[in-house]
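The chain contents come next:
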Amino acid sequence: MKKIIFTLTAAALLLGSAFAKPAKGKKVKIGIAKIVQHVALDDVERGVMDAIKDAGIDAEYDLQNANGDVGTAAQIAAQYKAEKVNVAVGIATPIAVSLATTLKNIPVVFGTVTDPVGAGLVSTTAHGERNVTGMSDAIPTEQHIKLFKEVAGIKTLGYIYTSNEDNSASALALVEKGCKEAGIKLVTQSITKSDEVKAACEAIVGRCDGLYLSTDNTVFSAIASVVSVFGKAKKPVFSGDVTAARQGGIFMASGFNYYKAGRATGEMVVKILNGAKPASLPVRFMTDPSDSDFLIDLDTAANCGINVDEKLIKQANLIFQNGKLTEK
């Protein structure tokens, strides 16, 4: 028994040494990698760096983009290991999983991971797992679908998802549940990469009354194709990512602010750099009302023949009308 206690104590000491606080005044190296490049994930990246800067930490960054490829994600993780970064940040599920799999003695902070437990990053959201913790971008999918039905009168909901991403598989289960609760039919179309999005939209647009988008990064990296196909068909799109709707073409969008999500992720990095162990930090959720945005595109509503109740318009803090976005 004494031998077992000694072994566990030694392991704890090794972990404490591995996650040691950087020397005061020393520049730290932080790796930030995202699975693809689009506005929302760029905002997360920017938020992370701003939070670290505002904390007065002198940091050097290695910014990487896996371009939607899991093989590239693994290479980035190996690169961060060789560089011995002080902290590695993984934005979106596939890149976060690659970092957590490769980096065992370097703190890993994930950002915008919908289901961190399902992805195997942590065993519970109550605290981190060994050297891993982070921020979840889980959204109220069931409520979104209910609102979409009430406002747009849809009877059949379309949904496009990336079949080879854990994040999307978890989101699909929530969409199925939401449709069942709302009493509407669901039709789906799967993709594996962004250049399949336009064809997926063309394949599904004739079989649904409107399209729902969760936080699928592969789909959002080709959002222009979604807007184009459904705009021409005069069918509405509801997005769980407000960032993508700011340029127009998406009927309604409700979700948290990705820049604020990046700052929340960056605040976790700061805590780790100041000596906190990742395992002691619970998974962060964006639950404060001030963290969220609600957008209604009245131009798209008119194009789709939808009359939006004035009471609902007053609830939105972002209105897109006459080709212009207004923030209340």
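One can find the structure itself at the top, above this paragraph.
What comes next is a walk through the structure. (Residues numbered from 1 in each chain as written. Predicted model: local features only at pLDDT ≥ 70, side-chain atom pairs only at ≥ 80, totals over all residues. Heavy atoms only, no water.)

Notes on the overall build of the chain
Worth spelling out the cut-off: Under the DSSP-based scheme used, a helix requires at least four consecutive residues in state H or I and a strand at least two consecutive residues in state E, with every element numbered from the N terminus. Only C-alpha atoms enter the radius of gyration; for comparison, a globular chain is expected to reach 2.2 Å times N to the power 0.38, where N is the number of residues. With a 1.4 Å probe rolled over the protein chains alone, any residue whose accessible area is under 20% of its type maximum counts as buried; one over 50% counts as exposed, and the rest are partly exposed. The contact criterion used is simple: two residues touch if any of their non-hydrogen atoms lie within 4.5 Å. Working definition of accessibility: Shrake-Rupley area with a 1.4 Å probe, residue cover restricted to the visible protein chains. Charged residues are defined here as Lys and Arg on the positive side and Asp and Glu on the negative side; His and the ends of the chain fall outside this count. Taken as the charge location is NZ of Lys, CZ of Arg, CG of Asp or CD of Glu.
In terms of helices and strands, the chain carries 12 helices and 14 strands. For the chain, whose C-alpha radius of gyration is 21 Å, the value lies close to the compact-globule estimate of 20 Å for 328 residues. The principal-axis extent of the C-alpha atoms belonging to the chain is close to 70 × 40 × 35 Å. Sorting the 328 residues of the chain into buried and exposed places 51% on the buried side. Residue pairs at least 24 apart in sequence account for 67% of intrachain contacts in the chain once pairs closer than 6 positions are excluded. By element, 52% of the accessible surface of the chain is carried by carbon and sulfur atoms, the whole surface being about 14800 Å². Each charge class in the chain was averaged separately, 36 positive and 34 negative side chains, and the resulting centres sit 5 Å apart.

Digging into the pattern of salt bridges
Pairing is possible between side chains of opposite charge, provided their charged atoms come close. Cut-off, in case you're wondering: Between Lys or Arg on one side and Asp or Glu on the other, a salt bridge is scored when a side-chain nitrogen of the former is within 4 Å of a carboxyl oxygen of the latter.
Throughout the structure, instances matching the rule amount to nine salt bridges. Close ionic contact of aspartate 42 with lysine 34 constitutes a salt bridge, the shortest N to O distance being 2.4 Å. Aspartate 42 gets classed as partly exposed once you look at its relative accessible area, which sits at 23%. A salt bridge links aspartate 43 to arginine 46, with the nearest nitrogen and oxygen atoms 3.3 Å apart.

What about the pairing of strand β14 (residues 324–327)?
In plain terms, the rule: Pairing between strands requires that DSSP locate at least two bridges from one strand to the other.
Pairing geometry for strand β13 (residues 318–321) and β14, over four bridges, is antiparallel. Each bridged residue has a counterpart across the sheet, and for leucine 318 the counterpart in β14 is glutamate 327. Counting the residues in the hairpin turn of β13 and β14 gives two residues, including asparagine 322, whose phi is positive at 55°.

Examining the packing of aromatic side chains
For clarity, the threshold we go by: Pairs were defined over the aromatic rings of Phe, Tyr and Trp, the Trp ring being its six-membered one, requiring ring centres within 6.5 Å. Orientation was assigned from the angle between planes: stacked under 30 degrees, edge-to-face over 60, tilted for the rest.
Counted under the stated rule, the structure contains six aromatic pairs. On the numbers, 6.5 Å between centres and 35° between planes, the contact of phenylalanine 148 with phenylalanine 251 is tilted. A residue pair is termed long-range when its members are at least 10 positions apart, and phenylalanine 148 in helix α5 (residues 141–152) and phenylalanine 251 in the loop between β9 (237–239) and β10 (252–256) qualify at 103 residues. A residue is classified by how much of its surface remains accessible, and phenylalanine 148, at 0% relative accessible area, is buried. Measuring from centroid to centroid gives 4.8 Å for phenylalanine 256 and tyrosine 258, while their planes differ by 35°, and the two rings are tilted. What makes phenylalanine 256 buried here is its relative accessible area of 4%. Given the relative accessible area of 4%, tyrosine 258 is considered buried.

Description of the pairing of strand β2 (residues 59–65)
Filter applied, for reference: Call a crossover right-handed when, viewed with both strands pointing away from you, the route from the first strand across the helix to the second goes clockwise.
Sheet topology note: the strand β1 (residues 28–34)/β2 ladder contains seven bridges and is parallel. Bridge pairing in β2 places isoleucine 30 opposite tyrosine 61. In terms of handedness, the path from β1 via helix α2 (residues 39–54) over to β2 forms a crossover that is right-handed.

Structural notes on helix α6 (residues 166–182)
Put simply, the rule reads: For a helix, the expected span equals 1.5 Å multiplied by the residue count minus one. Throughout, the arc means that of the directions going from the helix axis to the C-beta atoms.
Here α6 contains 17 residues, and its C-alpha end-to-end distance of 25 Å stays within 8% of the 24 Å for a straight helix at 1.5 Å per residue. Within the sequence span of α6, burial applies to Asn167, Ser168, Ala171, Leu172, Val175, Gly178, Cys179 and Ala182. Taken around the axis of α6, the buried residues stretch over an arc of 130°, which confines them to a single face. Residues Lys180 and Glu181 are exposed on α6 and point more than 90 degrees away from its buried face. Contacts from the buried residues of α6 go to α4 (93–102), α5, β6 (156–162), β7 (185–191) and β8 (210–213). Following α6 by one or two positions, glycine 183 adopts a phi angle in the positive range, close to 70°.

With respect to α2
With 16 residues, α2 extends 22 Å from end C-alpha to end C-alpha; this agrees with the ideal 22 Å at 1.5 Å per step. Looking at the packing, one finds that the buried side of α2 touches β1, β2, β3 (87–91), α8 (217–220) and α10 (258–273). Positive backbone phi, approximately 80°, marks glycine 56, located one or two places after α2.

With respect to the sheet that holds β7
The test is simple: To define axes, lines are fitted to C-alpha atoms, for helices over the stretch in contact only, and angles between the resulting N-to-C directions are given on a 0 to 180 degree scale.
A sheet is described by the order of its strands in space; here eight strands give the open sequence β7-β6-β8-β9-β10-β12-β13-β14, paired in mixed fashion. Single-partner strands in this sheet number two, and they are β7 and β14. When strand polarity is set aside, the average angle formed by the axes of neighbouring strands in this sheet is 20°.

Here we look at the nonpolar core
For clarity, the threshold we go by: The nonpolar core is taken to be a set of buried Ala, Val, Leu, Ile, Met, Phe, Trp, Tyr and Cys residues, with the residues joined through side-chain atoms within 4.5 Å.
Counting 52 residues, the largest nonpolar core has Ile30, Ile52, Tyr80, Phe110, Leu121 and Val269 as the members making the most contacts within it. In contact with valine 269, other than residues within four places in its own chain, are Ile30, Ile52, Val87, Val89 and Val109. Counting 29 residues, the second-largest nonpolar core is a separate cluster that includes Ile139, Leu157, Ala182 and Ile306.

Points about the sheet that holds strand β5 (residues 132–136)
Spatially, six strands are ordered β2-β1-β3-β4-β5-β11 in an open sheet, and the strand pairing comes out parallel. At either margin of the open sheet sits one strand with a lone partner, and together these are β2 and β11 (284–285). Strand direction decides the pairing type here: β5 and β11, joined by two bridges, are parallel. Following the sheet pairing, methionine 135 is matched in β11 by arginine 284. Its contacts with the sheet put α2 on β1, β2 and β3, and the angle it makes with β1 is roughly 165°. Contacting β1, β3, β4 (108–111) and β5, α4 crosses the sheet at an angle of about 150° to β3.

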